[in-house]
Amino acid sequence: MKVTQYGEGACRDRLEHLRSQAHEILGEIYNSGLDHLNAQKIIALASDISDLVDERDFTSALREFQDYAPYPLTHPFMVAILGLMICKKLDWNTDRTLLAVGVGALLHDVGMTKLPERVIATHPNDLSPEDLIQYHKHCEHGMNIVAAVPSIPVAVQQIVYQHHEYSAKGFPHGLNNLKVYPLAKVVCLSDRFARFLILNQVGPIDGLKKFVASKEELRLHDPEIVRAFIKSFIKDEKAR
Ligand SMILES: [Fe+2]
Ligand SMILES: [Fe+2]
């Protein structure tokens, strides 16, 4: 584990800085496509977020972090933070795993760029049956986009493809949890929680209490990952 360098204020500043970096790089990718150059930037960003999550004062800094900015440019940043927090709590700590989850979370919705504007602009619940089929294809589009860039770790393809699979209720295949790639499960839970925060206009700490109160939601996910998710918000001084 990395030695702490930041105090709480500096940790908050760093969080803001990385958020604006995410906004800038994802904007570039959403406008001009994913290429070797911006893939390198995303990889470096994932590693910086991973380091920040290890800071002693990170949970306190997160307390004041609120992000209701328009989807999809900053939402993936929150998903990356949560995914990395969960992995670290699970001790899925190898550089390879952390990189796959960080990059997979940042790029999980990159396939949305292939969808018509009207599908992107409409909430999935309000889409026509035809447009819903198109929306469900964003996972496959995303997988193809990341597969075309050799510097993106191969594991990211599966994460992007399966980030809406949970409890046989998701898509594209309605897989049950046993069949879903574990790192995709981490990103799936992180994505659903990050969207819950936007929907309820709450920060992560207050949002956690509400989210955890929804037993129905928690039942959708792998219990081991849910436990790590909740514990990741609790400071563990001994481990730091
Ligand atoms: Fe998605
Ligand atoms: Fe998402």
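Please refer to the structure placed before this passage.
Throughout what follows, the structure given in this document is the object of discussion. (Residues numbered from 1 in each chain as written. Chains lettered and ligands numbered in written order. Predicted model: local features only at pLDDT ≥ 70, side-chain atom pairs only at ≥ 80, totals over all residues. Heavy atoms only, no water.)

1. Comments concerning the overall build of the chain
Defined as follows: What counts as a helix is a DSSP run of H or I of at least four residues, what counts as a strand is a run of E of at least two, and both are numbered from the N terminus. This radius of gyration counts C-alpha atoms alone. The globule rule is 2.2 Å times how many residues there are, raised to the power 0.38. Each residue is assigned to one of three classes by its accessible area relative to the maximum for its type, calculated with a 1.4 Å probe on protein chains only: buried under 20%, partly exposed between the two thresholds, exposed over 50%. Contacts are assigned to residue pairs that have any heavy atoms within 4.5 Å of one another. Areas reported here follow the Shrake-Rupley algorithm with a probe of radius 1.4 Å; residue values treat only the protein chains shown as occluding. The charge count includes Lys and Arg as positive and Asp and Glu as negative, but it does not include His or the ends of the chains. One atom stands in for each charge, and that atom is NZ of Lys, CZ of Arg, CG of Asp or CD of Glu.
In terms of helices and strands, the chain carries 13 helices and zero strands. In terms of overall size, the chain behaves like a compact globule, its C-alpha atoms giving a radius of gyration of 17 Å where 240 residues would be expected to give roughly 18 Å. Dimensions of the chain along its principal axes, counting C-alpha atoms only, are 50 × 40 × 30 Å. Each of the 240 residues in the chain was classed as buried or not, and the buried ones make up 51%. A sequence separation of at least 24 residues applies to 71% of the contacts in the chain between residues at least 6 apart. Counting only carbon and sulfur atoms, one obtains 52% of the accessible surface of the chain, whose full area is about 11400 Å². Here the chain contributes 27 positive and 30 negative side-chain charges, whose respective centroids are spaced 6 Å apart.

2. Structural notes on the coordination of the iron ion (ligand 2)
As a reminder, the rule being used: Counted as donors are N, O and S atoms no farther than 2.8 Å from the metal, or 3.2 Å for Na, K and Ca; water is not among the atoms, and sites may therefore look incomplete. Under the classification used here, a metal with four donors is tetrahedral if each angle lies between 85 and 135 degrees, square planar if opposite donors are over 155 degrees apart and the others between 65 and 115, a six-donor metal meeting that same test is octahedral, and anything else is irregular.
Coordination of the iron ion (ligand 2) by the protein is provided by H75 (NE2), H108 (NE2), D109 (OD) and D191 (OD), with metal-donor distances spanning 2.2 to 2.6 Å. With four donor atoms in place around the iron ion (ligand 2) and angles of 76 to 164 degrees between them, the coordination shape is irregular. Between consecutive donor residues of the iron ion (ligand 2), the sequence gaps follow H-x32-H-D-x81-D. Distance-wise, the iron ion (ligand 1) is placed 4.4 Å from the iron ion (ligand 2), both being coordinated by D109. Taken together, the positions of H75 in helix α4 (residues 75-89) and D191 in helix α10 (residues 182-200) put the pair 116 residues apart, joining distant regions of the chain. The class of H75 is buried, set by a relative accessible area of 2%.

3. Some points on the coordination of the iron ion (ligand 1)
Listed as protein donors to the iron ion (ligand 1) are D109 (OD), H138 (NE2), H163 (NE2) and H164 (NE2); their distances from the metal cover 2.1 to 2.2 Å. Coordination at the iron ion (ligand 1) comes from four donor atoms whose angles at the metal span 88 to 178 degrees, giving a geometry best classed as irregular. For the iron ion (ligand 1), all donor residues lie on one chain, and their spacing in sequence is D-x28-H-x24-H-H.

4. Some remarks on the packing of aromatic side chains
Threshold: Between 30 and 60 degrees the pair is tilted, below 30 it is stacked and above 60 it is edge-to-face, where a pair is any two Phe, Tyr or Trp rings, Trp via its six-membered ring, whose centres lie within 6.5 Å. Placement of a charge over a ring requires the Lys NZ or Arg CZ to be within 6 Å of the ring centre, with the centre-to-atom vector within 35 degrees of the ring normal.
Taken as a whole and judged by the stated rule, the model has nine aromatic pairs. Ring geometry for F193 and F196: centres 6.4 Å apart, planes at 15 degrees, overall stacked. Here the residue F193 and the residue F196 both occupy positions in helix α10, the gap between them amounting to three residues, near one helical turn. When its relative accessible area of 19% is taken as the criterion, F196 is described as buried. When the ring of F193 is compared with that of F233, the centres are 6.2 Å apart and the planes differ by 80 degrees; the resulting orientation is edge-to-face. Note that F193 is positioned in helix α10 and F233 in the segment after α13 (223-231), a separation of 40 residues in sequence. F233 shares its class with F193; the two are buried. Three or more aromatic residues joined by ring pairs make a cluster, and in this case those are F193, F196, F211, F229 and F233. R192 extends its terminal NZ or CZ atom over the ring of Y166, reaching a point 4.4 Å from the ring centre.

5. Some details on the environment of D109
With respect to the element layout, D109 can be found in the loop between α5 (95-106) and α6 (117-121). A relative accessible area of 2% means that D109 is categorised as buried.

6. Comments concerning the pattern of salt bridges
Where we set the bar: Each salt bridge in this description consists of a side-chain nitrogen of Lys or Arg and a carboxyl oxygen of Asp or Glu lying within 4 Å of one another.
Throughout the structure, instances matching the rule amount to 10 salt bridges. Between D54 and K88 there is a salt bridge, with the nearest N and O atoms lying 3.1 Å from each other. Here D54 is found in the loop between α2 (36-53) and α3 (58-63), whereas its partner K88 is found in helix α4, with 34 residues between them in sequence. The same class applies to D54 and to K88, which are both buried.

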